[in-house]
Amino acid sequence: MAGQLFLACIFLLAFQFGYQLTNTISDKEKYLDKNFDEFTWLTAHNSHINWLDNGVIELASNQNMSIDQQLESGVRGFMFDIDFSKCSDFESFFGTCKCQGVCLCHGKCSDTLKDGFSVKRLDYALKKIVKFLKNNPDQIVTIFFENYLNDTKSLQRVFKRVKYFNSLVFDPYSSKWDVLNKGWPKIRQMVDADNRILIFDDEKRASRAGQKPGFIRSRDFLLQNHYIWMNDYVKVNISDFEPYKSLFNTSSPSIEISRCFSLDKIENRPNWGLNSTLKMDEREHRGQLVNSKKLFLLHHYYGVVAKRIYIDPITVKLMNTKELIAERLKKQCNPALNGKKPNYLALDFINQNTFKNVIAPFNQN
């Protein structure tokens, strides 16, 4: 009897384990068979501005987790400010130079050093991303450069210096992928080809950066709202958001969020905003995807104008909620974009629960 009971328990455990394994494999297969543009990817705004990587507590940090911790917590988009930094003779002599070459800064490196922020070489972050991808062969990472370099040669030297980096880069312009004509590939195709790093470049200074191998001109494949909140606010009443009412003393709390107007609004290019709908079946020029096929990057954080984000934990906690994001999309972004969901959701102060609570609902189907 005891032997039969033991065998029954073993059979039950094996059945449960097999069921869980099948579910896991099934979920992975569904993931691999989706097109890249069907997902919403958790993205860290200024992911390098955190005290764990920099070793100092900064007044204007954007993240509380290190790049390694962000990767392990589901972050798959990384926003880096990069510039060329050169050490002075004084710094070199006394050994106080923080970074020389292509560096991770906060805006321009000259401003970063002036403001006392710590800086690191770009290699530091790229090596961490490559290591993660090598250990997780079915994952894909996107890098967004706020690029203050005068040319791309120094950046390409960094790519070459970081082992395996160039071989992992996905080039949508290449004949192999030809995203302009074929559309976005399936995750499985990118994984099988081991092309699992996308690099979007905003071309702040580097002329024609998007035409260099590996770089993606943001405006060719990306729609994005403006990242600075400026003075274009809309009041959102959060009194119906039960979990957060206790955080406020007033009976009808509200928070100011920016209208979801295009990053191109101030650049004299086709714009979408509160009172205009982007024509989704059109393209700005021949070298771009039609708007409906572009990836949508939603910047969802306070800009530098609203410094209170750095000292107001209540606002931070409220910002990164599916309720407020859904409210903003419904009232501000979706009408202009015909209901297009974000492919990248860029946030400040991501934690271990952000993916589960905020990103997973976008990817449920």
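Residues numbered from 1 in each chain as written. Predicted model: local features only at pLDDT ≥ 70, side-chain atom pairs only at ≥ 80, totals over all residues. Heavy atoms only, no water.

**Some points on the layout of surface pockets**
The criterion, for reference: Throughout, the protein atoms alone are placed on a 1 Å grid, and a set of points is a cavity if a 1.4 Å probe fits but cannot get out or a pocket if it is open with protein on both sides within 12 Å along at least five of seven lines; lining residues have an atom within 4 Å of a point. Grid points are joined across faces, edges and corners, and a volume is the space filled by probe spheres set on the points. Secondary structure elements follow DSSP: runs of H or I no shorter than four residues count as helices, runs of E no shorter than two count as strands, and numbering proceeds from the N terminus. Gly is put with the polar residues, along with every residue not named as nonpolar or charged; the nonpolar set is Ala, Val, Leu, Ile, Met, Phe, Trp, Tyr, Cys and Pro, and the charged set is Asp, Glu, Lys and Arg.
Computed from the structure, the second largest pocket encloses a volume of approximately 650 Å³. Contributing elements (two or more residues each) for the lining of the second largest pocket: helix H1 (2–32) and strand E1 (41–44). No other element matches H1, which puts four residues into the lining of the second largest pocket. Looking at the lining of the second largest pocket, its residues break down into seven nonpolar, six polar and eight charged.

**With respect to helix H7 (residues 153–161)**
For clarity, the threshold we go by: Three labels apply to residues, based on accessible area from a 1.4 Å probe with only protein chains included: buried if under 20% of the type maximum, exposed if over 50%, partly exposed otherwise in between. Arc definition: it is the arc formed by the directions from the helix axis to the C-beta atoms. Every residue pair with non-hydrogen atoms within 4.5 Å of one another is taken to be in contact.
Considered for burial, the residues of H7 that qualify are Ser154, Leu155, Val158 and Phe159. Considered in projection along H7, the buried side chains sweep an arc of 150° and stay on one side of the axis. Exposed residues on H7 whose side chains face more than 90 degrees from its buried face are Lys153, Arg157 and Lys160. Of the surrounding secondary structure, the elements contacted by the buried residues of H7 are strand E2 (75–85), strand E3 (101–105), helix H6 (122–135), strand E5 (141–147), helix H8 (165–168) and strand E6 (197–201).

**So, the nonpolar core**
Defined as follows: Throughout this description, the term nonpolar core refers to a set of buried Ala, Val, Leu, Ile, Met, Phe, Trp, Tyr and Cys residues connected via side-chain atoms within 4.5 Å.
Counting residues in each nonpolar core, the largest one holds 47 residues, and the members touching the most others are Phe80, Ile82, Leu122, Ile143, Phe145, Leu155 and Phe165. Top element by residues in this core is H6. It accounts for seven residues. Ignoring sequence-local partners within four residues, the contact set of Phe165 consists of Leu126, Val130, Ile143, Phe159, Ile197 and Ile199. Core analysis: the next-biggest nonpolar cluster, separate from the first, contains 26 residues, Phe36, Trp177, Trp184 and Ile216 among them.

**Considerations on the pairing of E5**
Definition in use: Should DSSP find at least two bridges between two strands, the strands are taken to pair.
For E5, the tally of buried residues reaches six of seven residues, placing the bulk of the element in the interior. With six bridges connecting them, E2 and E5 associate as parallel partners. Bridge pairing in E5 places Asp81 opposite Glu146. Direction of pairing for E5 relative to E6: parallel, over a ladder of five bridges. When the sheet's bridge partners are listed, Val141 is paired in E6 with Ile197.

**A few points about the confidence of the model for the protein**
Selection rule: Along the chain, pLDDT gives the predictor's confidence residue by residue, from 0 to 100.
Across the protein, the average pLDDT comes to 78, with 67% of residues at or above 70. Low confidence marks residues 10–23, where pLDDT is under 50. Its contacts with residues over four positions away, or in another chain, come to zero contacts. This stretch, residues 303–311, has a pLDDT under 50; its non-local contacts, to residues over four places away or in other chains, come to 16 contacts.

**Structural notes on the environment of Ala326**
Looking at the secondary structure, you find Ala326 in helix H14 (residues 322–333). Residue classification places Ala326 among the partly exposed residues on the basis of a relative accessible area of 40%. In the structure, Ala326 is positioned 32 residues away from Val358 in sequence and 9.8 Å away in space, judged by C-alpha atoms.

**Regarding the packing of aromatic side chains**
What counts, and what does not: Pairing of aromatic rings covers Phe, Tyr and the six-membered ring of Trp, with a centre-to-centre limit of 6.5 Å; geometry is then stacked below 30 degrees between planes, edge-to-face above 60, and tilted otherwise.
Taken as a whole and assessed by the stated rule, the structure comprises 15 aromatic pairs. Taking 5.2 Å as the distance between ring centres and 25° as the angle between the ring planes, the aromatic pair formed by Phe36 and Trp41 counts as stacked. Each member of the pair, Phe36 as well as Trp41, is classed as buried. Aromatic pair Trp184 and Phe221: ring centres 5.7 Å apart, planes at 65°, arrangement edge-to-face. With Trp184 in the loop between helix H9 (179–182) and helix H10 (187–193) and Phe221 in helix H11 (residues 218–221), the pair connects residues that are 37 residues apart, well separated along the chain. On the accessibility criterion, Trp184 (6% relative accessible area) is buried. Aromatic rings pair up to connect Tyr31, Phe36, Phe39, Trp41, Phe170, Tyr173, Trp177, Trp184 and Phe221 into one cluster.

**Some thoughts on unusual backbone geometry**
Phi at Asp178 takes a positive value of approximately 40°, unusual for a residue other than glycine. A positive phi is found at Asp194, a non-glycine position, where the angle reads about 60°. Its location among the elements puts Asp194 in the loop between H10 and E6. Judged by relative accessible area, Asp194 falls into the partly exposed class, the value being 25%.

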